[in-house]
Amino acid sequence: AAGNACRVTLGQANQVRPKLPLLKILQAAGAQGETFTLKEVMHYLGQYIMVRQLYDKRQQHMVYCGGDQLGELLGLESFSVKDPSPVYDMLKRNLTSAAM
Ligand SMILES: C[C@@H](c1ccc(Cl)cc1)n1cnc(-c2ccccc2)c1-c1c(C(=O)NCCN2CCN(C3CCCCC3)CC2)[nH]c2cc(Cl)ccc12
């Protein structure tokens, strides 16, 4: 039915395609495939930070990513999860729309 067709296309519309350096990070956190929703990208980046123990055990909002590929992508030694702007800037540089 038309409804389903519409839902399928809408579902595809919000997929993004990470560029290779970001895709490798997501895959290291268990991501499968090449296109994701933004929510999935954020989930896998969070998993990556946890698995690689990049967060400070005492100040758990601080992420120390210097020397890790994530730090290379962000161009930062560290950041606080309370200020997501550097992450969004990195995603703007490393995500393309998969809708095309
Ligand atoms: C609100 C959200 C967020 C999401 C995006 C952004 Cl740009 C900032 C902030 N957030 C809040 N704390 C974290 C976080 C903190 C330390 C280690 C790992 C994740 C996250 C991040 C998530 C996530 O998917 N979060 C799910 C719930 N988190 C709670 C924190 N939990 C851990 C906190 C450290 C101790 C172990 C549990 C893990 C699940 N994805 C991210 C990806 C990045 Cl590039 C950076 C941070 C996060």
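It should be noted that the structure appears before, not after, this text.
This one's a predicted model, so the numbers in the text were calculated from it and none came from an experiment.

All chains considered together, the criterion is met by one aromatic pair. On the numbers, 6.2 Å between centres and 65 degrees between planes, the contact of F36 with Y44 is edge-to-face. Of the two residues examined, F36 and Y44, each falls in the buried class. Lying across the ring of Y55, K57 places its NZ or CZ 4.4 Å from the centre.

Counting residues in hydrophobic clusters, the biggest one holds 24 residues, and the most contacted among them are L22, L26, V41, L45, L70, M90 and L91. At the level of elements, α2 (20–28), α3 (38–51), α4 (69–74) and α5 (85–94) are the ones that each hand at least two residues to this core. Broken down by element, this core gets its largest block of residues, five residues, from α3. Apart from the residues within four sequence positions on either side, L91 is in contact with L22, L38, V41, M42 and L45.

Looking now at the packing of α2 against α3. α3 packs onto α2 with a crossing angle of 65 degrees between their chain directions and a minimal axis gap of 8 Å. Taken together, the axes of α2 and α3 lie roughly perpendicular to each other. Note that α2 runs across α3; the crossing there is left-handed. Listed contacts from α3 to L22, I25, L26 and A28 of α2 are V41, Y44, L45 and Y48. Split into classes, the residues belonging to the contact of α2 with α3 amount to eight nonpolar, no polar and no charged.

On to the site of the ligand. Surrounding the ligand, one finds M42, H43, L45, G46, I49, M50, Y55, Q60, V81, P84 and V87. The contact in question runs from a nitrogen atom of the ligand to an N or O atom on the backbone of M42, over 2.9 Å. If the ligand stood free it would expose 760 Å²; the protein chains cover 63% of that surface. Ranked by the residues each element gives to the shell around the ligand, the list is headed by α3, at six residues. Tallied by class, residues from the shell around the ligand come to eight nonpolar, three polar and no charged.

Here we take up the packing of α3 against α5. Put simply, α3 and α5 touch, their axes get as near as 13 Å, and they point 120 degrees apart. Between α3 and α5, the crossing angle belongs to the class labelled oblique. Between α3 and α5 lies a crossing whose hand is right-handed. Contacts between α3 and α5 involve L38, V41, M42 and L45 from the former and V87, Y88, M90 and L91 from the latter. Of the residues in the contact of α3 with α5, the class split is eight nonpolar, no polar and no charged.

What counts as what
- Residues numbered from 1 in each chain as written.
- Predicted model: local features only at pLDDT ≥ 70, side-chain atom pairs only at ≥ 80, totals over all residues.
- Heavy atoms only, no water.
- Phe/Tyr/Trp six-rings, centres within 6.5 Å; stacked < 30°, edge-to-face > 60°.
- Buried < 20%, exposed > 50% of the residue type's maximum accessible area, 1.4 Å probe, protein only.
- Lys NZ or Arg CZ within 6 Å of the ring centre and 35° of its normal.
- Core = buried A, V, L, I, M, F, W, Y, C linked by side-chain atoms within 4.5 Å.
- Helix = DSSP H or I, 4+ residues; strand = E, 2+ residues; numbered from the N terminus.
- Contact = heavy atoms within 4.5 Å.
- Axes fitted to C-alpha atoms, helices over the stretch in contact; angles between N-to-C directions.
- Parallel < 35°, antiparallel > 145°, perpendicular 65-115°, else oblique.
- Left-handed = near helix turned anticlockwise from the far one by under 90°.
- Nonpolar A, V, L, I, M, F, W, Y, C, P; charged D, E, K, R; others polar.
- Near = heavy atom within 4 Å.
- Polar contact = N/O pair within 3.5 Å; in protein donor to acceptor, adjacent residues only side chain to side chain.
- Areas by Shrake-Rupley, 256 points an atom, 1.4 Å probe, with all protein chains shown as cover.

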